[in-house]
Each structure stands twice: as structure tokens, then as C-alpha cells.
Amino acid sequence: MSAAGRSNPEYVVARVRARRGRLYGDEQYRKLVRMGPSEIARFIEESGYEAEINALGSRHSGVDLIEYALNRNLAKQFDAILDWSEGRLYDLIARYLRKFDAWNVKTVIRGVYTDTDADDIEVDLIRAGEFDDRRIRRLLEADSIDAIVEVLEDTIYGDPLREAYAEYEETGVLVPLENAVDMAFYERLLSGLGGDAPTRQYRRFLEAEVDFRNATNALRLARSGADLDPAEYFIEGGTLLTRDTLARLARSVDELVEHIGESEYADDLGPALRDLEESDSLIEFEHAADTALLAYGDRLGVVHPVSVTPVISYILAKEREVENIRAIARGTEAGLSADEIESELVIT
Amino acid sequence: MLELTHELGNVVLTGAFTDPLAAAALATGLAALGAGYAEGGIGAAAVGAMAEDEDLFVNGLILTVLPETLVILALVVVFIAQSA
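About the cut-offs
Residues numbered from 1 in each chain as written. Chains lettered and ligands numbered in written order. Predicted model: local features only at pLDDT ≥ 70, side-chain atom pairs only at ≥ 80, totals over all residues. Heavy atoms only, no water. Helix = DSSP H or I, 4+ residues; strand = E, 2+ residues; numbered from the N terminus. Expected span 1.5 Å × (residues − 1). Buried < 20%, exposed > 50% of the residue type's maximum accessible area, 1.4 Å probe, protein only. Arc of directions from axis to C-beta. Contact = heavy atoms within 4.5 Å. Domains from an automatic or database assignment. Buried area = accessible area lost by both parts, 1.4 Å probe. Salt bridge = Lys/Arg side-chain N within 4 Å of Asp/Glu carboxyl O. Polar contact = N/O pair within 3.5 Å; in protein donor to acceptor, adjacent residues only side chain to side chain.

Caption draft 1: Helix α4 (residues 68–83) of chain B, seen in detail. All names here are of chain B. Its 16 residues place the ends of α4 24 Å apart at the C-alpha level, agreeing with the 22 Å of an ideal helix rising 1.5 Å per residue. Val-71, Ala-74 and Ala-81 are the residues of α4 that are buried. Seen end-on, α4 carries its buried residues on one side only, within an arc spanning 65 degrees. Exposed residues pointing more than 90 degrees away from the buried face of α4 are listed as Ile-72, Leu-73, Phe-79, Ile-80 and Ser-83. Elements that come into contact with the buried residues of α4 comprise α2 (20–52).

In C-alpha cells form, the structure reads like this:
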């Protein structure tokens, strides 16, 4: 409910564990990849997404219906978790869930930039973060980027956006604004994190996430050969790369791969790195990074059973489920074969 | 509860811990305190589990009162002290 009072991990963990048991497993995914969009919609309606499918069924259909239902269910579940948590637990969970606020802000900015209808923007929002309905409504009502910046004045995104807005006015591209939002989120993610054992474990997970994000960005930059300053995209807080090493390594893929190969992530990412040297596709690497994070998330849930970590572990698993179902639905729509879709899924 | 605290204060102040019954009473009280603390956490978790699945009511109830055995065992001390 709020960051005040004693934290209550027992209650939240019990509820979250029960919900985790209801997530889809191998068996269900195998069934899902062989279904068409309407069958998938029916399948998920019967297994936990009933309210969302019913609420959205009259307005949307096909893959859109599945996608919006998934987003809405995700938002509902994560909102509930924030609602149950109190004290320090709330703070730790909110840190991670703020990434949906960042996502929403970026979506609204892009929407306004491309003159999209407020209704169309609204369905793409994931209301899982800390912003309440009022702020989201005010964001949707904003008709210029300046107005959006104003709505966010009193949030953590206020100052960085204000600074980036000047740059945006000069250049007319969205990159500075989106960067500012991401930076504000990551800055808050790791700052002032306390020191007991579960929190330290949580911190290592967050650092791994930042590292993988940095590595993927760097690989993309190195591969594309574009003349962008890699330091601009650097996210503070990880252990794998520093601003300087990134700037140096982003010029050559081989050196970067070697650097990652020598790091603590070598065991998790090793096979993917070898693939990367042979083939030209980054997808394998991004997949391996996702799988490594998910595996770490699973481990996260069992070492300290009554703490924040099982909750985070559930949040990750749920996110992954939503992404998997979305991949299946989009894949079937695009006419991919079951095997191809299955290779896109991240299952541990 | 208040009278008990008062009594406990008296016992400690007058150094009456040589009285086995007083010591036994203190032991029982401390055991009850521990049981209460343990039940707090278990109760919260049990209610959380029940909120997700109502079938867990019986299991939750059993697990919640399990630390109560601590108090029962501590009560044995009183009888031992009485007969001594």
C-alpha cells in the first residue's frame, strides 16, 4: 500500500507463490504453439485471463485482443502486488515495477510525437507502475510533449525530461527524451539499496540486468557500425562494463565478445557467444541473456524464502509468460511453423 | 495483562526468583510471547494463501496454531515446579 510501516513479506510471498503455481508450463506452451489466434484467446480465457478477455472482447479481436488482455492482466497482477506490500518491501518492488512507468512515459511521448489518438495510445499502456490513474489520464490528455513534461514535473522524470526537452527542441528527435526517461529509471533502481542478504542478492540480479542491457546495446552499436557515441547509451550501475571500456569495445564486435567471455557471465552466455562469433545474428545472444536472467530469477526465489526475492522472481516469471504468449500469438499470425515459434520462447 | 506486568516487576525487584513458581510463570510467559511472534508470520502467510485458494483454510489453520505447542510444553514446567 505504501512505503510506511513494517514490511510484510510473509503475506505477499504466500500469495505470489500460489499465483506462480498457476503460470503456464512446458505442456501448455506446447499446446499453445499449435493453436490459431482465436483458439489461443479461448485457451487463456479458460486459464486465468477470463476477466480481461471478457472486458476487451467486444472491442478487439484476434491477436490484438490477446495482446491487450495480456497487458491488462500483467498490470492488474503487479498492481495487486504493490497494493499488498508495505514498508521496505514496497520500496524494493516498486523500484523494479517503475520500469512500466518509464515504458508508459515513452509510449505517450511517441504517441504525441506521431499524432496518435489518445485511445490508441491508451491500449498500449501497461498500468503496472506507480503512476495512479489520474496521472495517466493527465498524460493521455496532454497534447504536446511540453505538456507531458509538465505533468511529470513532480516525479523522478521531471528534471531529466526538462533538460532533455531543450535538446529535443533543437534536434527534433526523440532519442534524448527516451534516454532521459531510461536513465532516470536506472538511476533510481540501484541507488540507496540496503545491505541485508536478500537485498544483496536482489542487487546482483539488478546489476546483471543492467549489464546485459549494456552488452546488448553495445553489440547492436558495434554491429550496425553507426556513428553514434556509445557512452550516450551507457547505463550506470553494472559491473561488466564501465563508460570507458564500453566506448573502447563498442568499436569492434570481437573485442566485446572476448570481454564478455572473460566476465562472470561467461558460463551462462558462453554458447551464445560462440554462436555470435560464427553467425551474424544477435537474436541468439539476446535469447541467452534472457534465459540467463530468468534462470537467475528462479534461483532468486528459493535462497531466501521470506524476503523480497521470491516476489521479484514471480514478477519475472509472469513477465516472461506474457512475452511468450505474445510471441506465440504474433508468430501464428505471421504464419511461422510451430518449431520456429518454439525456438523463440524463453522457457526454463 | 497489566497486573501481570506489575507482578512480574515485583518479582524481579524483590529478587523472588528463588521461588520456583515465579520462575515457571516467567518461563511460560516468555514461551507464549515466542509463540505469538511465530504465529504472526505464519498467520499472515496463511491468510495470503487462503486468499488465493480457499481450500487451504484447514491447512492454514493447522499451521497457524502449530507454535501453540510451545506454550503447552512450557506449561509442563509449571507442574514440575509445583511438585518440586
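Caption draft 2: View of unusual backbone geometry. Residues and elements named next belong to chain A. Look at Asp-115: it is not a glycine, yet its phi comes out positive at around 60 degrees. Position of Asp-115 among the secondary structure elements: in the loop between α6 (87–113) and α7 (118–124). Judged by its relative accessible area of 71%, Asp-115 is exposed.

Caption draft 3: Spotlight on the domain arrangement of chain A. Residue and element names in this part refer to chain A. Split by domain assignment, chain A resolves into domain 1 (1–85 + 311–348) and domain 2 (193–307). Each side of the interface is counted separately: domain 1 has 16 residues, and domain 2 has 14 residues. Both faces considered, domain 1 and domain 2 share a buried interface measuring about 1,300 Å² in area, 62% of it formed by carbon and sulfur atoms. Counting across the interface, domain 1 meets domain 2 through 1 salt bridge. Between domain 1 and domain 2 we count 0 residue pairs in polar contact (both at pLDDT 80 or more) in total. Going through the elements one at a time, α1 (9–21), α17 (309–333) and α18 (338–344) are the ones with two or more residues in the side of domain 1 that touches domain 2. If one sorts the elements of the side of domain 1 that touches domain 2 by residue count, α17 sits on top with 6 residues.

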